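# A closer look at the structure
Spelled out from the first residue to the last, the chains are:
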Amino acid sequence: MAKVNISLDANVVIEVMVMSGVRNAQDAIEAIVLDYIARGHRTEALTGNAVDDRRRATEEREQRNPATE
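### Description of the overall build of the chain
Per the secondary structure count, the chain includes 3 helices and 0 strands. Across the chain, helices and strands are ordered from the amino to the carboxyl terminus as α-α-α. C-alpha extents for the chain along the principal axes are approximately 65 × 25 × 25 Å. With 69 residues in all, the chain has 6% of them scored as buried. Element-wise, carbon and sulfur atoms account for 54% of the exposed surface of the chain, whose accessible area totals about 6,500 Å². The distance from the centre of the 9 positive side-chain charges to the centre of the 12 negative ones in the chain is 3 Å.

### A word on a nonpolar patch on the surface
On the surface, Val-33, Leu-34, Tyr-36 and Ile-37 cluster together into a nonpolar patch covering about 440 Å² of accessible area. Mapped onto the elements, Ile-37 comes out in helix H2 (residues 25–47). Under the relative-accessibility criterion, Ile-37 is labelled partly exposed at 41%.

### Focus on the pattern of salt bridges
Opposite charge on two side chains permits pairing when their charged atoms draw close. One pass over the structure, following the stated rule, counts 1 salt bridge. Close ionic contact of Arg-39 with Asp-35 constitutes a salt bridge, the shortest N to O distance being 3.3 Å. Taken together, the residues span about one helical turn, with Arg-39 and Asp-35 both in helix H2 at a distance of 4 residues.

### Concerning helix H1 (residues 10–20)
Taken residue by residue, H1 has Val-13, Val-16 and Met-17 as its buried positions. For H1, the buried positions fall inside an angular range of 100° around the axis, keeping them on one side. Residues Asn-11, Val-18 and Met-19 are exposed on H1 and point more than 90 degrees away from its buried face. The inward-facing, buried residues of H1 abut H2. Between the side-chain oxygen of the N-cap and the backbone nitrogen of Asn-11 there are 2.8 Å, and the N-cap of H1 in question is Asp-9. At the C-terminal side of H1, Gly-21 shows a positive phi close to 75°.

About the thresholds
Residues numbered from 1 in each chain as written. Predicted model: local features only at pLDDT ≥ 70, side-chain atom pairs only at ≥ 80, totals over all residues. Heavy atoms only, no water. Helix = DSSP H or I, 4+ residues; strand = E, 2+ residues; numbered from the N terminus. Buried < 20%, exposed > 50% of the residue type's maximum accessible area, 1.4 Å probe, protein only. Areas by Shrake-Rupley, 256 points an atom, 1.4 Å probe, with all protein chains shown as cover. Lys, Arg positive; Asp, Glu negative; His and termini not counted. Charge placed at Lys NZ, Arg CZ, Asp CG, Glu CD. Patch = residues over 30% accessible without salt bridge, like charges linked within 9 Å, V, L, I, M, F, W, Y side chains within 5 Å. Salt bridge = Lys/Arg side-chain N within 4 Å of Asp/Glu carboxyl O. Arc of directions from axis to C-beta. Contact = heavy atoms within 4.5 Å. Polar contact = N/O pair within 3.5 Å; in protein donor to acceptor, adjacent residues only side chain to side chain.

Printed below as a string of structure tokens:
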């Protein structure tokens with residue numbers, strides 16, 4: 001897996017480590033990011049994908065009111 005190096009404020013990292021209960025900064029940040037991604041997937045599963053919803057609504061509208069050329 002590819003790795004990315006970023007700089008974060010030490011206080012932010014310490015806060016994340018305390019909140020997550022992880023003693024390693026790398027693992028703490030990874031846990032937070034993975035949780036954020038999982039939350040996004042759960043939200044999308046509950047609410048649907050906004051882009052797909054707009055596309056579907058547009059297609060339905062076009063089917064109801066076809067453009068006359």
